[in-house]
Amino acid sequence: QKQLVESGGGSVQAGGSLRLSCVASGFAYSNNYMAWFRQAPGKEREGVAAISRRYGSTYYADSVKGRFTISQDNAENTVYLQMNSLKPEDTAMYYCASDWTGMYPVLFQRNYKYWGQGTQVTVSS
């Protein structure tokens, strides 16, 4: 069975850093995309970053470019989100998603089939 498990969330001061991890199991896509989304209370879930597991191509939301970096460890079936220079507006539940359907845009929640349970990130000013 397919499963995504996130970890690494926490509470930090503005300007701080966190590294989120997502461990995938039960997937067998040669060019599968994995992505990070986030959702704050009262807001829609928004795409943060995505990566092609096979080719390493990356995609970022404009709001996080230059601050966040998505990467992967294929041997461990793990995707990371390094979050630097965190801002209060980054506060949200962060979710890992997998198996891009091939529909565009890449960073659209409904274009992914599987989701983790989320990990909370809180950034205080």
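Placed above this text is the structure.
Residues numbered from 1 in each chain as written. Predicted model: local features only at pLDDT ≥ 70, side-chain atom pairs only at ≥ 80, totals over all residues. Heavy atoms only, no water.

### Some words on the overall build of the chain
Link 1 in the chain: Each helix and strand in the chain was counted, giving 0 helices and 11 strands.
Link 2 in the chain: For the chain, whose C-alpha radius of gyration is 13 Å, the value lies close to the compact-globule estimate of 14 Å for 125 residues.
Link 3 in the chain: Principal-axis analysis of the C-alpha atoms places the extent of the chain at approximately 40 × 30 × 25 Å.
Link 4 in the chain: By residue count, 41% of the 125 residues in the chain fall in the buried class.
Link 5 in the chain: Taking the contacts inside the chain whose residues are at least 6 apart along the sequence as the reference set, 57% of them involve residues at least 24 apart.
Link 6 in the chain: Carbon and sulfur atoms make up 45% of the accessible area of the chain, which totals about 6,600 Å².
Link 7 in the chain: Averaging the coordinates of the 12 positive side-chain charges in the chain and doing the same for the 9 negative ones gives two points 4 Å apart. (Helix = DSSP H or I, 4+ residues; strand = E, 2+ residues; numbered from the N terminus. Rg over C-alpha atoms; globule rule 2.2 N^0.38 Å. Buried < 20%, exposed > 50% of the residue type's maximum accessible area, 1.4 Å probe, protein only. Contact = heavy atoms within 4.5 Å. Areas by Shrake-Rupley, 256 points an atom, 1.4 Å probe, with all protein chains shown as cover. Lys, Arg positive; Asp, Glu negative; His and termini not counted. Charge placed at Lys NZ, Arg CZ, Asp CG, Glu CD.)

### A look at the sheet that holds strand β1 (residues 3-7)
Link 1 in the chain: Sheet architecture is open: 4 strands sit in the order β1-β3-β8-β7, paired in antiparallel fashion. The strands lining the two open edges of the sheet, one partner per strand, are β1 and β7 (68-73). Taking the axes of each pair of neighbouring strands and ignoring which way they run, one obtains an average angle of 15 degrees across the sheet.
Link 2 in the chain: Where strand β3 (residues 18-25) and strand β8 (residues 78-83) come together, 6 bridges link them in antiparallel fashion. The residue bridging leucine 18 from the neighbouring strand is methionine 83, located in β8. (Pairing = 2+ DSSP bridges. Axes fitted to C-alpha atoms, helices over the stretch in contact; angles between N-to-C directions.)

### Some words on the nonpolar core
Link 1 in the chain: Core analysis: the largest hydrophobic core is formed by 26 residues, its most contacted members being Trp36, Val48, Phe68, Leu81, Met83 and Tyr94.
Link 2 in the chain: Elements represented by at least two residues in this core include exactly β3, β4 (33-39), β5 (46-52), β7, β8, β9 (92-100) and β11 (119-124).
Link 3 in the chain: When residues in this core are grouped by element, the largest group, 4 residues, is from β3.
Link 4 in the chain: With 8 residues, the next largest nonpolar core counts Tyr33, Ala50, Ala97 and Val106 among its residues. (Core = buried A, V, L, I, M, F, W, Y, C linked by side-chain atoms within 4.5 Å.)

Any functional reading would require information beyond the geometric quantities listed.
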